[in-house]
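# Examination of the molecular architecture
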Amino acid sequence: METEVLYSNFKSEEYFINMGPQHPATHGVLRLLLTIDGEIIKKVEPDLGYIHRSIEKMCERDSYQQIVHLTDRMDYLSANINNEAVCLAVENALQLEIPERVKVIRTIIGELTRIASHCLWWGVMGMDVGALTTYFYGFRDREMINDIMEETCGARLTMNYNVPGGLMLDIHPNFVNRVKEFVAHFKTKLPEYDRLLTGNVIFQKRTVGVGVLSREDAISFGASGPVGRASGYSCDVRKHHPYSAYDRVTFEEALRTEGDTYARYLVRIQEMWESLSIVEQLIDNIPEGEHRVATNAVIKLPKGEYYQKVETARGELGVYIISTGTKNPYRLKFRSPGFSNLSLLNHIAVGGKIGDLVATMATLDLVIPDIDR
Amino acid sequence: MSYFSDIYKGIKTLLTGMSVTGKYFVTSRKGAITQQYPDNRDTLQMFERFRGEVIMPHTDDNEHRCTGCQKCEIACPNGTIEIIWDRGIDEATGKKKKKIDQFVYHLSMCTMCGLCIDVCPHDAIKWGQNFENSVYDRSTLTRVLNKPGSTLMQGVED
Amino acid sequence: MPLRITENIHNWLFSVMPEGVASLVEMTLIAVVYLTIFAVAGLFLVLLERRVAAWFQLRIGPNRVGPQGLLQTMADAIKLLTKELTGTEKADKFLYNLAPYFVIISALMALAVIPFSAEFHAFDINIGIFFLIAISSIGVIGILLGGWSSNNKYALIGAMRSGVQTISYELSVGLSLLTMVVITGSLQLSEIIEVQKSGWLILQGHIPAAIAFMVFMISGTAETNRAPFDMVEAESELGAGFHTEYSGMKFAYFFLAEFINMFIISAIAATVFFGGWLSPFGITESIPELGVFWFLLKTMALVFLMMWFRWTFPRLRVDQLLTLEWKYLLPINLVNLVLMALLVWLNLTLRL
C-alpha cells in the first residue's frame, strides 16, 4: 500500500509499554507487554500469574464436594456453569441417575448465568470503547438475575448451588415467577442495547474489520465460545455434546463468518436471545421430583480418567479428572476457555492501534481468574 | 453519493442512541437502580437464603442443637470451623457423652460455600442475614458460636 | 444594577488615587471577579456533569454533601488542595510545573472576552472571535508540555494525540465561526450580538448556519477533549492520558480548565448562533438585567448537549478522529462557507 511505503521512509523507533497489571481495560490483573510503534501495535505479550491461586492443586487436596466451590472462583461470571461441569464429571464417573428436575433447573440457571455474564460483558464492552452509560444499563439487567440467584442459591456471584448428585436446595417458590418477570423485562431491553450501541456509527467504525480471526486460526488456537463461533467455527458444546437438558430444547447456534470484533459482539447479542428462548421453553415445565439424589458422604470415584466439557459464557470449559479410587482426585485439570482465547490476542491485535487492542480484548471477554486459576 | 448517505446514516444512528439515553434522563426521577445504602438499613431485607455468616441459633433456655459430631468441620474446605469438644456425663443415662465446649468459626476464612450447613444432620447451624462483617481487628472475626453455658437441646440425638 | 455598582467603584477609585494606580487596582479587581467566576463555574459544572451523568445512567449522583450534594465539588476541591503533589523522579520539573498554568490561564483569558450581558463584559475587543480562537489553541501547549515533561509513556501518547486533535479541529472551529462572521461582518462579540437583534444568526443564516452550528458543536467538543473525542484521556486505553502523573491541585487545574473550556465553547456557540444575552423574540427587552440569565440559560443548554454526547457515544479511534475532520468536517465547512457567502451576496438571509 501507498501508506506503507510512506511509513517506511520515516525512521521510527519501537518502544515498549506495560499495559497492566493495573489498567482499566484489562479488567483485572492481566499484564500485557506491548511493543508499539507510535500508536501501532507490533507485539502483544500477555504476562500471567498475578492472580494464580493454584486451584488445581487445591483440588487434589479436597473432596469432590469441596472441589465444586473452588470452581466458583475461576470464571466467577459463569460460576454456576463451572459448578455444573465438575458435578457432571463426578456424576458421570459414579454413573448416577440424575432426576429430570435437576437437569432442567441446571439448564435454566446456566442460561440465566450466561445472560448475566453477557450483560456485564456488554456494559464493559461499551465502557472499553468509551460509552460509559452502557455499563449501568447492563448492570441493571444483570442485577435482576443476581436477585433471582440470591433468592434461590443464597449468593449473587459465587453460588455453589450444584452438588454432585443434584442441587443443594430446591428452587425457591418465587423462582418461576421472577424468571418470567425477568424474561419479559429483558425482551424489552435487548432491542435498546441495539439502538444504543450496536447501530451506533462510531461503535461500528471501532469494531467492524478490527481484530479479524480466520476460521483456521480459531481452530488452531483452540478458540471456543463466541470467539470461535464468530469466526464460523461451530463449537457450541450445548449443540454438539448436549448435557443436562440441552438435548430437549431447540435453539440456534449463533454463528457468523466475519471473525472480527463486531461479529463477536453480534454473536454474544444473539446468544442472549437464544438463552432467553431456552429459558422460556423450560421455565413452564420444570418436572416435579427430587432435587437431589443421595450420594455417599465420602465420594470415591472409581479408578480411571474422566472428562466432561460444558459451554460457559466464555466458551468450552473442560474438567479432566484422574482418580486412583481415593476420596480425592489424583490430578484435576481445567481446560479454561479464557486461556485459549487470550493466546490468540497477539495474533489478531498486531497491526492495529491501541484503541483496537482495547476493543478486541473487550470482545474476547477475558476473565483473568479463569485464565490464571 | 455514499459519502452523503454515510453522513445521513451516521447522524441518524447517533440520534437514535441519544434518544435512548435521553429517555432515561427524562424518567430519571423514578428510574434510579442504585440503593441509598446506609440510609436504607432499616428497610433493607435480605433474601431468606442469603449467606451472610454462619450462626448457631439458641433457644430462650440457652439450648442449641449441636451434638459435636464434627461433620461440618470435615466438610469445610477451608478449615473455617473448629470444634473443641469434651466428654461429659449424661445425667439421664450416666454414660460418658461427647459435647461441644466451643464451636469456633473463623469468618475470615469462610468462603460461604454452605457445605457445613448442608451436611449438618441436626440443623444446628444456619445462615445469618448479617452482611456487614467489616471489623477493625481481624481477631474479632474468630467467633465462638455457642453461647457460654449453653447446653444441648433434649431429644436432638434421638 | 451591576452597571451602577461598577460605575460607582470606578468613579470612587479614580477620585482617591492617581490614574495609573487606579486603573491597575481596577484591573486587579476585575481579575479577582473573573477568578471567582472561574472557580464557581468550574465547580458547578463538575457537579452538574456528575448529576447529569447519574441521571443518564439510572443513578442518583452525589447527594450527600450539602443540600442535594451542592457542596460535593467544594469538598472535592478542598480534598485536592490538601493532597500531596506527587510527580515522577525524572520529570522535567520546570515544564512539569508550568504546564497546568498554561491550560488554566488560556481558559481564563478566553473567559474575559465572553459577553455575559450588555454591560457585563470585561474586554470588548474588536477582534473578539479571532482572539477566542487564538487563545483556545494555546491551551494545547499546556497539555503537550504536561504530557511530555512528566516522563510517562501513557502521558506522552495522550499529549501527542491531543496535539494532533487540537491542531486539526482548530480549522473547523475557525471556519464554522468564519461562516457566521460573513453575516455579521464583524469580529467584535458585542457587535455580533447587536446584529442578532433582528433574529438570531442561526435563523438569519438558516441552512448554512445550522450546518455551521453542527460542525461547531462537533469540533468544539473535540477541541475541549471531551468524549466522544477524549482521545487525550481515553481512560480505557491510556489510564488517565496526559495528566497521569499529576496529582492534587495541579490535576485539579487541568480538570477545572476542561470544564471551563466546555463552558467557553458553549458560550461562544450561544453568542454566535443563539443571540448571546438577547431574549428570544425580545420578550424581556425592557429588563436588560435579565441578559445574564438568558446568556447562562442558552450556554447551559449547550453544555447539557455536550454532556449528552459524552454519556451516550463511544469514543472514536485516533485515526477515525482525523478522518472525520479532514474528510468530512473540513470539506463540508468550506462548501458551507461559500454557500453562506452566496447567501449574503444574494441577500437571502432571513431578517425579522
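- An unreviewed UniProt entry annotates chain B as 4Fe-4S dicluster domain-containing protein originating from Muriicola jejuensis.

### Considerations on the overall build of chain A
- Along the backbone of chain A there are 16 helices and eight strands.
- Taking 373 residues into account, the globule formula puts the C-alpha radius of gyration at 21 Å, and chain A, at 21 Å, falls close to it.
- Its C-alpha atoms give chain A principal-axis dimensions of about 75 × 50 × 35 Å.
- Residue burial in chain A is summarised as follows: out of 373 residues, 61% are buried.
- Across chain A, every contact between residues at least 6 apart in sequence was considered, and the portion connecting residues at least 24 apart equals 70%.

### Here we look at the overall build of chain B
- From N to C terminus, chain B includes four helices and seven strands.
- Scanning chain B from its N terminus toward the C terminus, one meets helices and strands in the order α-α-β-β-α-β-β-α-β-β-β.
- Over its C-alpha atoms chain B spans a radius of gyration of 27 Å, topping by over 25% the 15 Å that the globule rule assigns to 158 residues.
- Overall, chain B is about 100 × 35 × 35 Å in size when its C-alpha atoms are taken along their principal axes.
- Partitioning the intrachain contacts of chain B with sequence separation of at least 6 by distance along the chain shows that 72% fall at a separation of at least 24.
- Of the roughly 10000 Å² of accessible surface on chain B, 53% is carried by carbon and sulfur atoms.

### Topic: the interface of chain A and chain B
- With 36 residues of chain A in contact, the opposing surface of chain B contributes 27 residues.
- Across the chain A to chain B interface the summed buried area is about 2500 Å²; carbon plus sulfur atoms make up 54%.
- Counting the surface chain A buries against chain B, the share from its top three residues, Gln66, Glu150 and Arg195 of chain A, is 20%.
- Applying the counting rule to chain A against chain B returns two salt bridges.
- We note a salt bridge from Arg292 of chain A to Asp118 of chain B, for which the minimum N-O separation is 2.7 Å.
- Connecting chain A to chain B are 19 residue pairs in polar contact (both at pLDDT 80 or more).
- Listed by contribution, the elements that provide at least two residues to the side of chain A that touches chain B are helix H3 (64-71), helix H6 (133-153), helix H7 (175-198) and helix H8 (201-207) of chain A.
- Looking at the side of chain A that touches chain B, the element that brings in the most residues is H6 of chain A, giving nine residues.

### Here we look at the nonpolar core
- Core analysis: the biggest nonpolar cluster contains 81 residues, and Leu112 and Tyr265 of chain A have the highest contact counts within it.
- By size, the runner-up hydrophobic cluster in this structure holds 65 residues, among which are Leu111, Ile202, Ala269 and Val303 of chain C.

### Topic: the packing of helix H10 (residues 206-223) of chain C against helix H14 (residues 318-345) of chain C
Residues and elements named next belong to chain C.
- Contact geometry of H10 with H14 gives a least axis separation of 9 Å together with a crossing angle of 150°. As judged from the angle between their axes, H10 and H14 are roughly antiparallel. The handedness of the crossing between H10 and H14 comes out as left-handed. Counted together, His206, Pro208, Ala209, Ile211, Ala212, Val215 and Ile218 of H10 and Leu324, Leu329, Ile332, Asn333, Asn336, Leu339, Met340 and Leu343 of H14 form the full contact between these two elements.
- Tallied by class, residues from the contact of H10 with H14 come to twelve nonpolar, three polar and no charged.

### So, the domain arrangement of chain B
- The assigned domain composition of chain B is domain 1 (2-33) and domain 2 (53-152).
- Here the C-alpha centre of domain 2 of chain B lies 56 Å away from the C-alpha centre of domain 1 of chain B.

### Some words on the interface of chain C and chain A
- Contact with chain C, which involves 24 residues of that partner, is made by 33 residues of chain A.
- Surface buried jointly by chain C and chain A totals about 2500 Å² across both partners, of which 59% is contributed by carbon and sulfur atoms.
- Counting the surface chain C buries against chain A, the share from its top three residues, Ser236, Pro314 and Arg317 of chain C, is 23%.
- Counting across the chain C and chain A interface gives two salt bridges.
- As a salt-bridge pair, Asp356 of chain A and Arg317 of chain C come within 2.6 Å of each other at their nearest N and O atoms.
- Taken together, chain C and chain A are joined by nine residue pairs in polar contact (both at pLDDT 80 or more).
- Counting only elements with at least two residues in the side of chain C that touches chain A, the list comes to helix H7 (153-184), helix H11 (235-238) and H14 of chain C.
- In terms of residue class, the side of chain C that touches chain A is made up of eleven nonpolar, five polar and eight charged.

### Some remarks on the packing of aromatic side chains
- Counted under the stated rule, the structure contains 38 aromatic pairs over all chains.
- The interplanar angle of 50° and the centroid separation of 5.5 Å between the aromatic rings of Trp121 of chain A and Tyr265 of chain A together place this pair among those described as tilted. A residue pair is termed long-range when its members are at least 10 positions apart, and Trp121 of chain A in helix H5 (residues 100-128) and Tyr265 of chain A in helix H12 (residues 261-283) qualify at 144 residues. Residues Trp121 of chain A and Tyr265 of chain A agree in their burial class; the two are buried.
- Between Phe116 of chain C and Phe263 of chain C, the aromatic rings sit 6.4 Å apart at their centres with planes inclined by 25°, giving stacked as the arrangement. Taken together, the residues Phe116 of chain C in the loop between helix H4 (93-112) and helix H5 (128-136) and Phe263 of chain C in helix H12 (residues 248-274) connect sequence positions 147 residues apart.
- For Phe263 of chain C, a relative accessible area of 4% translates into the label buried.

### Points about the packing of helix H2 (residues 19-56) of chain C against H12 of chain C
Residue and element names in this part refer to chain C.
- It is the contact of H2 with H12, at a shortest axis distance of 9 Å, that shows an interaxial angle of 90°. What the angle tells us is that H2 and H12 run roughly perpendicular. For the pair H2 and H12, the contacting residues are Phe38, Ala41, Gly42, Leu43, Leu45, Val46 and Glu49 in the first and Phe255, Leu256, Phe259, Ile260, Met262 and Phe263 in the second.

### Here we look at the sheet that holds strand S3 (residues 81-89) of chain B
Residues and elements named next belong to chain B.
- Strands sit in the order S3-S4-S6 across an open sheet of three strands; the sheet is antiparallel. On the outer flanks of this sheet lie S3 and strand S6 (142-144), each paired with one strand and no other. If you compare each strand with its neighbour and ignore which way they point, the axes differ by 25° on average.
- Pairing of S3 with strand S4 (residues 96-106), which is carried by nine bridges, proceeds in the antiparallel orientation.

### Some remarks on the environment of Val54 of chain B
Residue and element names in this part refer to chain B.
- Structurally, Val54 can be placed in strand S1 (residues 53-55).
- The exposure class of Val54 is buried, given its relative accessible area of 1%.
- Separated by 54 residues in the primary sequence, Val54 and Ser108 place their C-alpha atoms 12 Å from one another.
- Once residues lying within four places of it in the same chain are set aside, the contact partners of Val54 are Tyr105, Cys116, Ile117, Ile125, Lys126, Trp127 and Leu145.

### What to know about the pattern of salt bridges
All names here are of chain A.
- According to the stated counting rule, one finds 45 salt bridges over all chains in the structure shown.
- In this structure, Arg156 and Asp147 form a salt bridge, with 3.2 Å as the shortest nitrogen-oxygen distance.
- Classification of Arg156 as partly exposed rests on a relative accessible area of 26%.
- Residues Lys180 and Asp284 are paired through a salt bridge, measuring 2.8 Å at the closest nitrogen-oxygen approach. Note that Lys180 is positioned in helix H7 and Asp284 in the loop between H12 and strand S6 (304-311), a separation of 104 residues in sequence.
- Given a relative accessible area of 36%, Lys180 falls into the partly exposed group.
- Judged by relative accessible area, Asp284 falls into the exposed class, the value being 56%.

### Comments concerning the sheet that holds strand S7 (residues 316-323) of chain A
All names here are of chain A.
- Taken in spatial order, the three strands line up as S6-S7-S8 in an open sheet, and their pairing is antiparallel. Whereas interior strands pair on both sides, the edge strands pair on one side only; in this sheet they are S6 and strand S8 (331-335). Across the sheet, the mean angle from the axis of one strand to that of its neighbour is 10°, orientation sign disregarded.
- Alignment of S7 against S8, held across five bridges, turns out to be antiparallel. Counted as the bridge partner of Ile322 is Arg331 from S8.

Cut-offs and rules
- Note that residues are indexed from 1 along each chain, following the sequence as it is written.
- Ligands are numbered from 1 and chains lettered from A, in the order in which they are written.
- Only residues with pLDDT of at least 70 get local features here, since the model is predicted, and only at 80 or more are side-chain atom pairs given and counted; chain-wide, interface and lining totals rely on the full set of residues.
- Processing note: side-chain calculations cover all non-hydrogen atoms of the structure and skip hydrogens and water entirely.
- Secondary structure elements are taken from DSSP: a helix is a run of H or I of four residues or more, a strand is a run of E of two residues or more, and numbering for both begins at the N terminus.
- Radius of gyration: over C-alpha atoms. The globule rule applied is 2.2 Å multiplied by the number of residues raised to the 0.38 power.
- Note on exposure labels: buried denotes an accessible area under 20% of the residue type's maximum, exposed denotes more than 50%, and partly exposed covers the range between, all computed with a 1.4 Å probe on protein chains only.
- Whether two residues are in contact is decided by their heavy atoms, any of which lying within 4.5 Å being enough.
- Where accessible areas are quoted, they stem from the Shrake-Rupley method and a 1.4 Å probe; at the residue level, only the protein chains shown are allowed to cover.
- Buried area is calculated as the accessible area (1.4 Å probe) missing from two parts once they are joined, with the contributions of both summed.
- Think of a salt bridge as a Lys or Arg side-chain nitrogen and an Asp or Glu carboxyl oxygen that are within 4 Å of each other.
- Pairing of N or O atoms within 3.5 Å defines a polar contact, subject to two protein rules: one partner must be a possible hydrogen donor and the other a possible acceptor, and residues neighboring in sequence count only if both atoms are side-chain atoms.
- Definition used in this section: a nonpolar core is a set of buried Ala, Val, Leu, Ile, Met, Phe, Trp, Tyr and Cys residues joined via side-chain atoms within 4.5 Å.
- Every axis corresponds to a line fitted to the C-alpha atoms, with the helix fit spanning only the stretch in contact, and the corresponding angles, defined between N-to-C directions, vary from 0 to 180 degrees.
- Working definition: roughly parallel below 35 degrees, roughly antiparallel above 145 degrees, roughly perpendicular at 65 to 115 degrees, and oblique for all remaining angles.
- Each crossing gets its handedness from the near helix: less than a right angle anticlockwise from the far helix is left-handed, clockwise is right-handed.
- Three categories are distinguished: nonpolar for Ala, Val, Leu, Ile, Met, Phe, Trp, Tyr, Cys and Pro, charged for Asp, Glu, Lys and Arg, and polar for the others, with Gly belonging to the last.
- Note that the domain bounds were set by an automatic or database domain assignment.
- Any pair of Phe, Tyr and Trp rings, taking the six-membered ring for Trp, is counted once the centres come within 6.5 Å. Such a pair is stacked with planes under 30 degrees apart, edge-to-face with planes over 60 apart, and tilted for the rest.
- The pairing criterion is simple: DSSP has to find at least two bridges between the two strands.

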